[in-house]
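Structural overview
So you can see what is in the structure, the chains are spelled out below.
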Amino acid sequence: MNKRIPVRLKREPLLEAVWELRFSGNKPSVADLMPGMLFNALPGKHAADVVRLPTADIPIQVIEHDRNLRYMPKIRLEEGNQAIQIGERVVSFSCRRPYSGWKKFSADIRNLAKTVRDTGLIKTLERFSLKYIDLIELDRPLGLGCLNLNLYLGGHEIDTKPVQFRTEIKERDLTHIVQIVSPAEAVAPGYEKRLKGVLVDIDTIKTLDENESWDDLERRLDEVHLACKIMFFNLMAPETIFELGPEYEG
């Protein structure tokens, strides 16, 4: 489906944006070495809070033999509404509401990617992804009707009934993992009450081939972002986009 894509929405639905890089390291102690190297190299990170996550105490041998643990972060560097998470085979960068916008977020991603590359701890790049977690809130009762989605089960339409939905959509060499939860609740900084609406989680993944490099990662970043953004707006019903207050270029 082709439609004009807004530059931004006045009623920002975004809860969190996450960039993630998966890799194999040159050493078996990447999660121990990299936090200090990033802490010293990234401007402003001297004010970050360092948090040890529960997986930090799991032996490396156990992590390497369990695929569910292999890409779990062990350390988090928190600063304001941003966070860097580091594991033995993963680095991620997130921005929670209020979203800084793609221009600033992508510049921060590129800066972090360069800094990670310069540590010399990465042997092989495996994949990178962009995930956007949005909560659709409107001034009316919500269900799946706010989306470009018709769901039937045994002849029964699933609209206002509770539902959790997950699927994968292939698009050229990208994979979109789409998850929808309705109804959903969330907590966001600066909001006294819990937010309620329809949760739309889109994780757009680019697997990197053996011959692809850090330059390819940077070159494809905007393309992956645009594909994720188009997927989001194609999922929205036209009246939902209107109610969210779209702003266009030109």
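What comes next concerns the included structure. Please read these numbers as outputs of a predicted model, since none were measured by experiment.

What follows deals with the overall build of the chain. The number of helices and strands found in the chain is 6 helices and 13 strands. Its C-alpha atoms give the chain a radius of gyration of 19 Å, within 12% of the compact-globule value 18 Å for 250 residues. Its C-alpha atoms put the chain at 55 × 40 × 35 Å along the principal axes. For the chain, the residues scored as buried account for 48% of the 250 residues in total. For the chain, contacts bridging at least 24 residues in sequence account for 71% of all contacts bridging at least 6.

This part takes up the sheet that holds strand 12 (residues 195-207). Across the sheet, which stays open at both edges, the 9 strands sit in the order 3-4-5-6-2-7-12-11-10 with antiparallel pairing between neighbours. Each end of this open sheet is capped by a strand with a single partner; those strands are strand 3 (49-52) and strand 10 (163-171). Across this sheet, the average inter-strand angle for adjacent strands is 15 degrees, counted without regard to direction. Summarising the sheet, strand 3 and strand 4 (residues 75-79) pair through 4 bridges and their orientation is antiparallel. What sits directly across from Val50, in strand 4, is Leu77.

Here we come to the packing of helix 4 (residues 102-118) against helix 5 (residues 214-235). Where helix 4 meets helix 5, the axes come as close as 11 Å, and the angle between the chain directions of the two elements is 160 degrees. Looking at the two axes, helix 4 sits roughly antiparallel to helix 5. Note that helix 4 runs across helix 5; the crossing there is right-handed. For the pair formed by helix 4 and helix 5, the contact residues are Trp102, Ser106, Ile109, Arg110, Ala113, Val116 and Arg117 on the first element and Trp214, Leu217, Glu218, Leu221, Asp222 and His225 on the second. Within the contact of helix 4 with helix 5, the residues separate by chemical class into 7 nonpolar, 2 polar and 4 charged.

Okay, the pairing of strand 10 next. Within a regular strand, side chains alternate between the sheet's two faces. As paired elements, strand 10 and strand 11 (residues 174-186) share 9 bridges and run antiparallel to each other. Across the sheet, Thr167 pairs through a bridge with Val178, a residue of strand 11. What sits between strand 10 and strand 11 in their antiparallel hairpin is a turn of 2 residues, with Arg172 showing a positive phi close to 55 degrees.

Approximately 540 Å³ is the volume attributed to the largest pocket. Elements with a minimum of two residues in the lining of the largest pocket: strand 2 (14-25), helix 3 (67-70), strand 5 (82-86), strand 6 (90-96), strand 7 (122-136), strand 11 and strand 12. Ranked by the residues each element gives to the lining of the largest pocket, the list is headed by strand 6, at 5 residues. Partitioned by chemical class, the residues of the lining of the largest pocket number 10 nonpolar, 6 polar and 10 charged. Its volume calculated, the second largest pocket comes out at about 460 Å³.

Conventions and cut-offs
- Residues numbered from 1 in each chain as written.
- Predicted model: local features only at pLDDT ≥ 70, side-chain atom pairs only at ≥ 80, totals over all residues.
- Heavy atoms only, no water.
- Helix = DSSP H or I, 4+ residues; strand = E, 2+ residues; numbered from the N terminus.
- Rg over C-alpha atoms; globule rule 2.2 N^0.38 Å.
- Buried < 20%, exposed > 50% of the residue type's maximum accessible area, 1.4 Å probe, protein only.
- Contact = heavy atoms within 4.5 Å.
- Pairing = 2+ DSSP bridges.
- Axes fitted to C-alpha atoms, helices over the stretch in contact; angles between N-to-C directions.
- Parallel < 35°, antiparallel > 145°, perpendicular 65-115°, else oblique.
- Left-handed = near helix turned anticlockwise from the far one by under 90°.
- Nonpolar A, V, L, I, M, F, W, Y, C, P; charged D, E, K, R; others polar.
- 1 Å grid on protein atoms, 1.4 Å probe; cavity = no way out; pocket = protein on both sides within 12 Å on 5 of 7 lines; lining within 4 Å.
- Points joined across faces, edges and corners; volume = space filled by probe spheres on them.

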